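Listed below are the residues making up each chain.
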Amino acid sequence: MTRSLLDLPRPAIAPSILASDFAHLADEIAMVEDAGADLLHLDVMDGHFVPNLTFGPVIVEKIRSVTDLLLDVHLMLDEPGRFIQAFADAGADNLTFHAEVVADPEALAGRIRQLGCAAGVTVNPDGPAERLRAAAPHVDLVLVMSVFAGFGGQKFIRDVLPKIQTIKGWLNPRQRLEVDGGIDDETVGEAAAAGADTLVAGTAIFDAPGGDYAAAIANLRRRAAAGGD
């Protein structure tokens, strides 16, 4: 099955697997897929670039085996170039790297595309936006972090809203502008109104009242669409 960022709706809702119940991961994925998720967001952390550790290519491969949803893999790694082959082989559809740790983002984006994946770039909220601007023409997705990479459940940093608006102006209609961090009922409309078309949400979905993932995703989509008008 061919999975493409271009095929995703706008807005697209991406449940963040980091917030799911890993003891029942396959069930959680099936439930959010049935509930209307457009793609899955997978946070890979190395314990160096960020202080936390999550999972590697083996888990991505297992996730790939239980869903046809697009796998959007965020590499929070000191040396993302060392691992892109492994994650591509595991079934990732998009690989997003941090510009702060890459000397030549254009070259790395090219290598990712040669592996058959879409390429994304990001920086932390206090990172240099100019690094994103230089990389933007060469990627399929720009991710704006609205929290600091490394931990789930953080509060949305509203200071990034002007950055989202600025970056939107750099992108062409075929590129995606994703926002990750603190996205919930209150903030999703603000992020969409600023220009985001792909919204990553973790606890807002997986901690939904009564476990109603469908209602949570539908509500996020509705509020994003209203905020983006």
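Counting restarts for each chain: residues are numbered from 1 in the order of the written sequence. Selection of residues for local features in this predicted model requires a pLDDT of at least 70, selection of side-chain atom pairs for listing and counting requires 80 or more, and totals for whole chains, interfaces and linings are taken over all residues. The basis for every side-chain value is the complete set of non-hydrogen atoms in the structure, without hydrogens or water.

Colleague: Teacher, can you tell me more about the overall build of the protein chain here?
Modeller: Under the scheme used here, helices are H or I runs from DSSP no shorter than 4 residues and strands are E runs no shorter than 2 residues, and both carry numbers assigned from the N terminus. The secondary structure content of the protein chain amounts to nine helices and eight strands. With the C-alpha coordinates aligned to their principal axes, the bounding extent of the protein chain is approximately 45 × 40 × 35 Å. Throughout, exposure labels follow a simple rule: accessible area from a 1.4 Å probe, protein chains only, divided by the maximum for the residue type, with under 20% read as buried, over 50% as exposed, and the rest as partly exposed. Per-residue burial for the protein chain yields a buried fraction of 53% across its 229 residues. Of the contacts formed within the protein chain by residues at least 6 apart in sequence, a portion of 66% connects residues at least 24 apart. Using a 1.4 Å probe, the Shrake-Rupley method yields the accessible areas, and only the shown protein chains count as cover for residues. Carbon and sulfur atoms provide 50% of the accessible area of the protein chain, an area that totals close to 9800 Å². Averaged over its 18 positive side-chain charges, the protein chain has a centre that lies 5 Å from the centre of its 33 negative ones. Two residues form a contact once any of their heavy atoms are found within 4.5 Å. The positive count covers Lys and Arg only, the negative count covers Asp and Glu only, and His and the chain ends enter neither. Where a charge lies is defined by one atom per residue type, namely NZ (Lys), CZ (Arg), CG (Asp) and CD (Glu).

Colleague: Teacher, can you tell me more about the sheet that holds strand S4 (residues 94–98) here?
Modeller: Strand-to-strand pairing in sheets goes through backbone hydrogen bonds, with the strands running parallel or antiparallel. Strand pairing is assigned whenever DSSP identifies at least 2 bridges connecting the two strands. Across the sheet, eight strands lie side by side as S1-S8-S7-S6-S5-S4-S3-S2; this open sheet has parallel pairing. The sheet is open, and its two borders are formed by strand S1 (12–15) and strand S2 (39–45), each paired with just one other strand. Taken over all neighbouring pairs, the strand axes of this sheet differ in orientation by 25° on average, direction set aside. Bridge analysis of strand S3 (residues 70–76) against S4 gives four bridges, and the strand direction is parallel. From the neighbouring strand, His74 faces S4, where its bridge partner is Thr96. Axis definition: a line fitted to C-alpha atoms, over the contacting stretch in the case of helices. Angles run 0 to 180 degrees between N-to-C directions.

Colleague: Any chance you could explain the layout of surface pockets here in plain terms?
Modeller: If a probe the size of a water molecule is rolled over the atoms, the empty space left behind becomes visible. Computed over the protein atoms alone on a 1 Å grid, cavities are sets of points where a 1.4 Å probe fits but cannot get out and pockets are open sets with protein on both sides within 12 Å along at least five of seven lines; a residue lines them when it has an atom within 4 Å of a point. Grid points are joined across faces, edges and corners, and a volume is the space filled by probe spheres set on the points. Empty space within the second largest pocket amounts to approximately 150 Å³. Forming the boundary of the second largest pocket are 13 residues, of which Arg3, Ser4, Leu5, Asp93 and Ala118 lie nearest the centre. Partitioning the lining of the second largest pocket into residue classes produces six nonpolar, three polar and four charged. Note that Gly is not counted as nonpolar here; it falls among the polar residues with everything else outside the nonpolar set of Ala, Val, Leu, Ile, Met, Phe, Trp, Tyr, Cys and Pro and the charged set of Asp, Glu, Lys and Arg.

Colleague: Just to check I follow, could you spell out the pairing of strand S6 (residues 141–145) for this structure?
Modeller: Two faces belong to every sheet, and in a regular strand the side chains alternate between them. Burial analysis of S6 places five of its five residues in the buried class, the great majority of the element. Judged by which residues are buried, S6 turns out to be covered on both faces: Leu141, Leu143 and Met145 on one side and Val142 and Val144 on the other are all buried. As defined by bridge partners, strand S5 (residues 118–123) adjoins S6 across four bridges and the pair is classed as parallel. Across the sheet, residue Gly120 finds its bridge partner in S6, namely Leu141.

Colleague: In this structure, what is going on with the nonpolar core? I would like to understand it.
Modeller: Nonpolar cores were defined as sets of buried Ala, Val, Leu, Ile, Met, Phe, Trp, Tyr and Cys residues, with membership established by side-chain atoms within 4.5 Å. One finds Leu40, Leu42, Leu95, Val142, Val179 and Leu199 to be the most contacted residues of the largest nonpolar core, which totals 64 residues. If you tally residues by element for this core, the top one is helix H9 (residues 213–227), at five residues. For Val142, the residues in contact, after removing those within four places along its chain, are Val121, Leu132, Ala136, Ile167, Leu171, Arg176, Leu177 and Glu178. Core analysis: the next-biggest nonpolar cluster, separate from the first, contains 17 residues, Leu5, Ala118, Leu141 and Leu143 among them.

Colleague: Sorry if this is basic, but what is going on with H9 here?
Modeller: Think of an α-helix as turning once every 3.6 residues; residues three or four places apart then point the same way. What a helix is expected to span follows from its residue count: subtract one and scale by 1.5 Å. End to end, H9 covers 21 Å across 15 residues, agreeing with the expected 21 Å (1.5 Å per residue, within 8%). Along H9, the positions that sit buried rather than exposed are Tyr213, Ala216, Ile217, Asn219, Leu220 and Ala224. The buried residues of H9 occupy one face: seen down the axis, they fall within an arc of 160°. More than 90 degrees from the buried face of H9, the exposed residues found are Arg222 and Ala226. At its buried positions, H9 is contacted by S1, helix H1 (25–34), helix H7 (188–194), strand S8 (198–201) and helix H8 (203–206). Along the arc lie the directions from the helix axis toward the C-beta atoms.

Colleague: Help me out: how do you make sense of unusual backbone geometry in this one?
Modeller: Both trends apply: most residues other than glycine have a negative phi, and most peptide bonds are in trans. Along the chain, Arg10 connects to Pro11 via a cis peptide bond; the corresponding omega equals 5°. Topologically, Pro11 is positioned in the segment before S1.

So yeah, pure geometry; function would need other evidence.
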